[in-house]
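Listed below, chain by chain, are the residues.
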Amino acid sequence: MYTIDTLRLEITQQCPLACGHCSVSAGLRRTQKMDHTVACKLIKEFKDQGGQSLIVTGGEPLLHESLHSILECSKVCGLNTILFSMGVLFDSSYRLVPIDSSRALEMKNWVDLCRVSLHSGLAARHDALTRIQGSFEATCLAVKNMVKAGINVTCTFFAYPGNLTDLLQAATLCDELGIHELRILTSVPQGRAATKGDSLFCAFRATQRAYRYDR
Ligand code: SF4
């Protein structure tokens, strides 16, 4: 008999970024959110069936008003709780803001690991992929706050023809930020990525599995 080890919940499709490779076509106007009572019911059922790990993703899960309750539910169930987040929100003027130290400290109580994406060591190149200016700086600041709060942060690098030469720089940046794992991802032809044709595919497709960078 098979058991499901990991449950992945996409709790919102809203995101302040607008990445060209986004597999869920997330964006600012996509305000749908999973009801937290539904999320908690799924988490409990998953635990009862022998589940071990929960991945909470989006969109940007930090934009879900009940994120705290969902993460709390996961931890109370004893699950390894992983958050996929860029660490960024938006203010009332829709300007990008990184999570601050107090939000990061709060997250530390409910998250075992947070995975962010850095697509280059160069701000302009990262921002070209997220299609939001300032996103590189905001995510770097968010990571600093997370690491300072004691959160275990790992990183993904979306490899496409426009950033292949940036990999080493991205790895160096990760090291400087206190991130000791960098996974390389390639395009999945779904969501917004499916509208980009072959422009996002690259030779890294040969690396179908994730690579790890360890200090
Ligand atoms: S940060 Fe993630 S969810 Fe948001 S647009 Fe980019 S790929 Fe999509």
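These numbers come from a predicted model, not from an experiment.

For helix α4 (residues 123-130), the complete set of buried residues consists of His126, Leu129 and Thr130. Take α4 and look down its axis: the buried residues cluster within an arc of 95 degrees, on one side only. On the buried face of α4, the contacting elements are α5 (135-149) and β7 (153-158). Looking one or two residues past α4, Arg131 carries a phi angle of roughly 65 degrees, positive in sign.

What follows covers the site of the ligand. With respect to spatial proximity, the complete set of residues near the ligand consists of Cys15, Leu17, Ala18, Cys19, Cys22, Val24, Ala26, Gly58, Gly59, Glu60, Met86 and Thr130. The class makeup of the residues in the shell around the ligand is eight nonpolar, three polar and one charged.

Looking now at the sheet that holds strand β6 (residues 113-117). Strand order in the open sheet formed by six strands is β1-β2-β3-β6-β7-β8, with parallel pairing between adjacent strands. If you trace the sheet from one side to the other, it starts and ends with β1 (6-10) and β8 (182-185), each paired once. Taken over all neighbouring pairs, the strand axes of this sheet differ in orientation by 20 degrees on average, direction set aside.

Now for the confidence of the model for the protein chain. Across the protein chain, the average pLDDT comes to 91, with 93% of residues at 70 or higher. For residues 206-215, every residue scores under 50 in pLDDT, and the model assigns this stretch 15 contacts once sequence neighbours within four places are set aside.

What follows is about the packing of helix α1 (residues 36-48) against helix α2 (residues 67-76). Contact pair α1 / α2: the axes reach a minimum separation of 9 Å and the direction vectors enclose 15 degrees. What the angle tells us is that α1 and α2 run roughly parallel. For the pair α1 and α2, the sense of crossing is right-handed. Residues His36, Ala39, Cys40 and Ile43 of α1 pack against Ser69, Ile70, Cys73 and Ser74 of α2. For the contact of α1 with α2, a count of residues per class yields five nonpolar, three polar and no charged.

Where strand β3 (residues 80-84) lies against β6, three bridges are found, and the strand directions are parallel. In the sheet register, Leu83 faces β6, and the bridge partner there is Cys114. The pairing of β6 with β7 spans four bridges and is classified as parallel. When the sheet's bridge partners are listed, Cys114 is paired in β7 with Val153.

Mapping Met1 onto the fold places it in the segment before β1. Remark: the alpha-carbon pair of Met1 and Ile55, spanning 54 residues in sequence, is separated by 23 Å.

Moving on, we get to the environment of Leu105. For Leu105, the position within the fold is in helix α3 (residues 101-108). Residues Leu105 and Gly150, spaced 45 residues apart in sequence, show a C-alpha to C-alpha distance of 7.8 Å.

Once that is clear, we can look at the environment of Gln14. Within the fold, Gln14 resides in the loop between β1 and α1. Spatially, the C-alpha atoms of Gln14 and Leu62 are 9.6 Å apart, while their sequence positions differ by 48 residues. Filtering out sequence-adjacent residues up to four positions away, Gln14 remains in contact with Ala26, Leu28, Arg30, Thr31, Gly58, Gly59, Glu60 and Leu63.

Packed helices, taken two at a time, are described by the angle their axes make and the gap between the axes. Look at α3 against α5: their axes get within 8 Å of each other, and the N-to-C directions meet at 50 degrees. As judged from the angle between their axes, α3 and α5 are oblique. Crossing of α3 over α5 shows right-handed handedness. Residues Ser101, Ala104, Leu105, Met107 and Lys108 of α3 touch α5, and the partners they reach there are Asn145, Met146, Lys148 and Ala149. Here the residues of the contact of α3 with α5 sort into five nonpolar, two polar and two charged.

Rules used in this analysis
Residues numbered from 1 in each chain as written. Predicted model: local features only at pLDDT ≥ 70, side-chain atom pairs only at ≥ 80, totals over all residues. Buried ≥ 20, exposed ≤ 12 C-beta atoms within 10 Å, placed from the backbone. Helix = DSSP H or I, 4+ residues; strand = E, 2+ residues; numbered from the N terminus. Arc of directions from axis to C-beta. Contact = placed C-beta atoms within 7 Å. Near = placed C-beta within 6 Å. Nonpolar A, V, L, I, M, F, W, Y, C, P; charged D, E, K, R; others polar. Pairing = 2+ DSSP bridges. Axes fitted to C-alpha atoms, helices over the stretch in contact; angles between N-to-C directions. pLDDT = per-residue confidence, 0-100. Parallel < 35°, antiparallel > 145°, perpendicular 65-115°, else oblique. Left-handed = near helix turned anticlockwise from the far one by under 90°.

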